[in-house]
2 protein chains.
Amino acid sequence: MSTESYILHEDPRSGNCYKIKLTAALLGIPLETRQYDIIQGETRTPEFLDQVNANGRIPVLQIDSAEETRFLPESNAACWYLASGSHLIPDDRFAQADMLRWMFFEQYNHEPNVATLRFWLRFVGEANLSDQQRAQIMAKRIAGQDALALMNDNLESRAFMAGDAPTLADMALFPYTHVAEEGGFGLGNYPHIEAWIARIKDLPGFTAME
Amino acid sequence: MSTESYILHEDPRSGNCYKIKLTAALLGIPLETRQYDIIQGETRTPEFLDQVNANGRIPVLQIDSAEETRFLPESNAACWYLASGSHLIPDDRFAQADMLRWMFFEQYNHEPNVATLRFWLRFVGEANLSDQQRAQIMAKRIAGQDALALMNDNLESRAFMAGDAPTLADMALFPYTHVAEEGGFGLGNYPHIEAWIARIKDLPGFTAME
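Definitions and cut-offs
Residues numbered from 1 in each chain as written. Chains lettered and ligands numbered in written order. Predicted model: local features only at pLDDT ≥ 70, side-chain atom pairs only at ≥ 80, totals over all residues. Heavy atoms only, no water. Helix = DSSP H or I, 4+ residues; strand = E, 2+ residues; numbered from the N terminus. Expected span 1.5 Å × (residues − 1). Bend = angle between axes of the 7 residues up to and from the residue. Contact = heavy atoms within 4.5 Å. Disulfide = S-S within 2.5 Å. Buried < 20%, exposed > 50% of the residue type's maximum accessible area, 1.4 Å probe, protein only. Domains from an automatic or database assignment. Salt bridge = Lys/Arg side-chain N within 4 Å of Asp/Glu carboxyl O. Nonpolar A, V, L, I, M, F, W, Y, C, P; charged D, E, K, R; others polar. Buried area = accessible area lost by both parts, 1.4 Å probe. Polar contact = N/O pair within 3.5 Å; in protein donor to acceptor, adjacent residues only side chain to side chain. Pairing = 2+ DSSP bridges.

Time to look at helix α5 (residues 131-156) of chain B. With 26 residues, α5 of chain B extends 38 Å from end C-alpha to end C-alpha; this agrees with the ideal 38 Å at 1.5 Å per step. The principal kink in α5 of chain B, of about 35°, is found at Ile137 of chain B. Its buried side turned inward, α5 of chain B meets α5 (131-154) of chain A together with α4 (93-124), α6 (168-178) and α7 (191-201) of chain B.

Written out as structure tokens, the structure reads:
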């Protein structure tokens, strides 16, 4: 691990990128960054598609060693790589699967609703949305509220998403949850989420989103 | 592990449920099933929400031991639990993260397009779709084709999604890919996917989708 260095290909406004920076910060892992503007299409250039990620998306974790350079897309997979062998991944078989359960929930139920509405309303602007996007706002609002309610219920009896200690499930869910109000999701109805946000911000090594 | 038994709460038409049955079959793990009709709302009853999954979704893996009964939602997390310590999860740090990379891709880029169009067109029926759903067909068609193209490119140089041997990345992506034509995605343009489907079907212990 000491022979590797890391470059994060990112857009600082993206919560998916922040997941990786937060994980690295909590683990004390140095991370260089290369920045792209996704709204300007900078991750869809031929160079990016050819060299960094054929999927045209950020974040991508570049892993450099003396032998080779490798690229790892998907925010939660990059967090897994960095945290491999650390206290952010529980050893217990069920706890590990339960942590992944919340990370898959994040990608399927949370991000497409909570993060997408933030992106549309805060960065694209409601006036610039297509009719098709505008028609989806209500469904995404309801699905996002459902996702937040499920998190809130889970946090009623646990300090962190996958138990008593922070894990990658928290690193995956914190970024878009703590700025959910930018997408019109008030957090006042979710007191256990608000307490959890405060606990995450208190973790040693915590770094804020830019 | 020998002291545990498993019940899969499922709808047999769901590829997400089939992922878990395929993983168990390849590993020789016995799996009892309880069946629900999602179109009839059988996973939204108060009993189901209270006892099995507050998220109202299947699949859920029920894990019974002498000490306790636990429930694990999210198909890919259930596969992880069953395959823990087996050859379907590589030991190598990068290979493991790369496998998870394709499993997160499956939930974010593949399932919401390839599986959703199959569900809408084959099970709900185009005539029964809402205007809002109908307006999304074209975008889901394009995004699904992009996901299949990325898989096809990846399989040009590798026998399986995360390398030379089958892993959970294949178990996650095979179910909805091999029935993608039911959602209107012809596979003729993706020859490497077709060859990969044949390789999966040849694996010892393979079980077909019902």
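Next, the rest of the story.
All names here are of chain B. Overall, the coordinates contain 0 disulfides over all chains when judged by the stated rule. The structure places no disulfide on Cys17, whose sulfur is separated from the nearest cysteine sulfur, that of Cys79, by 10 Å. Exposure remark for Cys79: the relative accessible area of 1% places this residue in the buried category.

Further remarks concern the domain arrangement of chain A. When the parts come together, some accessible area is lost, and that loss is often what is quoted as the size of the interface. Residue and element names in this part refer to chain A. When the domains of chain A are assigned, the result is domain 1 (5-83) and domain 2 (93-202). In this structure, domain 1 and domain 2 have C-alpha centres spaced 21 Å apart. Where domain 1 packs against domain 2, one counts 1 salt bridge. Every element with two or more residues in the side of domain 1 that touches domain 2 is listed here: α1 (15-27) and α3 (75-83). Considering each element in turn, the side of domain 1 that touches domain 2 owes the most residues, 7 residues, to α1. Per-class residue counts for the side of domain 1 that touches domain 2 are 8 nonpolar, 6 polar and 3 charged.

Moving on, we get to the interface of chain A and chain B. The partner chain B presents 39 residues to the 39 residues of chain A that form the contact. In total, chain A and chain B occlude about 3600 Å² of area from one another, counting both sides; carbon and sulfur atoms represent 63% of this. Across the chain A-chain B interface, the total number found is 2 salt bridges. On inspection of chain A and its partner chain B, the count reaches 9 residue pairs in polar contact (both at pLDDT 80 or more). Those elements that place two or more of their residues in the side of chain A that touches chain B are β4 (69-73), α3, α4 (93-124) and α5 of chain A. When residues in the side of chain A that touches chain B are grouped by element, the largest group, 15 residues, is from α4 of chain A.

Right, let's talk about the pairing of strand β3 (residues 60-64) of chain B for a bit. Residues in a regular strand project their side chains so that they alternate between the two faces of the sheet. All names here are of chain B. The buried count for β3 comes to 5 of 5 residues, which makes it a mostly enclosed element. Neither face of β3 is exposed, since Val60, Gln62 and Asp64 on one face and Leu61 and Ile63 on the opposite face are all buried. Pairing of strand β1 (residues 5-10) with β3, which is carried by 5 bridges, proceeds in the antiparallel orientation. Counted as the bridge partner of Ser5 is Asp64 from β3. As paired elements, β3 and strand β4 (residues 69-73) share 5 bridges and run antiparallel to each other. Residue pairing for β4: Ile63 is matched across the bridge by Arg70. Between β3 and the antiparallel strand that follows it, β4, lie 4 residues.

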